[in-house]
Amino acid sequence: MHISKVDLNLFIVLEAIYAEGSITRASLKMNLTQPAISHALNRLRQLFDDPLFERQGHVMTPTPLARSIIEPVRRALRGFEVTLSGAARFDAASSERSFSLGVRDVLEASVLPPLMAGIAREAPTVTLNTLQVSRRELEGELAAGTLDAAIDILLPLSNDIRRTQLAGDKTVVLVRRDHPLVKRRKLTLETYLQLEHIQTSSRRRGPGLEDVELSRQGLQRRIRLRCQHYFAACRVVSETDLALTMPERLARIVNQQFNNQLLPFPLDMPALDIYLYWHDNVDNDPANLWLREQIAAAMQAS
């Protein structure tokens, strides 16, 4: 079927139902009535000769065909948006654009202060939303335009995703000031392995990067506490004999009020490279380009 015979608005409805999992929420998102959304879905079903979505309880679950076509549909819709927005020059000083940035909490504390300071100077009415997105879903979010950009470590993503390195970070070890085993601000590998450790992770299980590096040497440390946030871990370090291994950039921020010792990790470990990601569709989009420039400047300032 030739594209000239297809109502392209149907694909906007398809994406809305897929994203919301509900005809009701899709109608609210698109500011249309539920019958209008249902009518569009029926036309899509006739077009593809497939139900596309099946109701399971209160959720519209996509069929295998819907799952297979959603990413190409999202890329196409995003391409149309970029074409329309690229036709006009982006004026940061007067724009009321809202950007969405994927960033893990490890980096939020270091990048947001200089980033928002720069945005406040250049674009007083621009707003920013930061989100923590699953790495499995990152490429899809960038393709769909629900994320304008993302900051993370080096990830195995497709060629549709552009990236540039922003910075590198070292790994440090934190112990309290008067720790009985750590003398004269020196930490040997032998002492490191004698210590009991905190592992900070949002995952329920699995090793950290430092554990992977230790295992390459046939070594293993003892984890006494696994917790979710570095701020809490830093406080525990200040009141116990536990040690914490973490990125230096964040350590210098969250440790300010605890005054723990910051010591080099006692093994040669690759730098924690930090990358900025965006979709190829927005590579030349003036607004997205401006956002990427602001992020790069913020990372350099931090």
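Report on the accompanying structure. (Residues numbered from 1 in each chain as written. Predicted model: local features only at pLDDT ≥ 70, side-chain atom pairs only at ≥ 80, totals over all residues. Heavy atoms only, no water.)

**Thoughts on the pattern of salt bridges**
One pass over the structure, following the stated rule, counts 21 salt bridges. Across the pair Arg-104 and Asp-152 runs a salt bridge whose closest N-O atoms are separated by 4.0 Å. Of this pair, Arg-104 sits in the loop between β3 (98-103) and α5 (105-122) while Asp-152 sits in strand β5 (residues 149-153), placing them 48 residues apart in sequence. In terms of burial, Arg-104 and Asp-152 fall into one category: buried. Taking the shortest distance from any N to any O, the salt bridge between Glu-210 and Arg-221 comes out at 2.9 Å. Separated by eleven residues along the polypeptide, Glu-210 in helix α8 (residues 209-216) and Arg-221 in the loop between α8 and β9 (222-227) bring together distant segments of the chain. Both residues of the pair, Glu-210 and Arg-221, belong to the buried class. Linked through salt bridges whose partners overlap, the residues forming this network are Glu-15, Glu-20, Arg-25, Lys-29, Glu-71 and Arg-74. (Salt bridge = Lys/Arg side-chain N within 4 Å of Asp/Glu carboxyl O. Helix = DSSP H or I, 4+ residues; strand = E, 2+ residues; numbered from the N terminus. Buried < 20%, exposed > 50% of the residue type's maximum accessible area, 1.4 Å probe, protein only.)

**Things to note about the nonpolar core**
In this structure, Phe-99, Ile-151, Trp-290 and Ile-295 are the most contacted members of the largest nonpolar core, which totals 26 residues. Of all the secondary structure elements, the ones that give two or more residues to this core are β3, α5, β5, β6 (161-167), β12 (274-279) and α11 (286-301). It is α11 that contributes the most residues to this core, six residues altogether. Listed in part, the 20 residues of the second largest apolar core include Ala-40, Leu-41, Leu-44 and Val-73. (Core = buried A, V, L, I, M, F, W, Y, C linked by side-chain atoms within 4.5 Å.)

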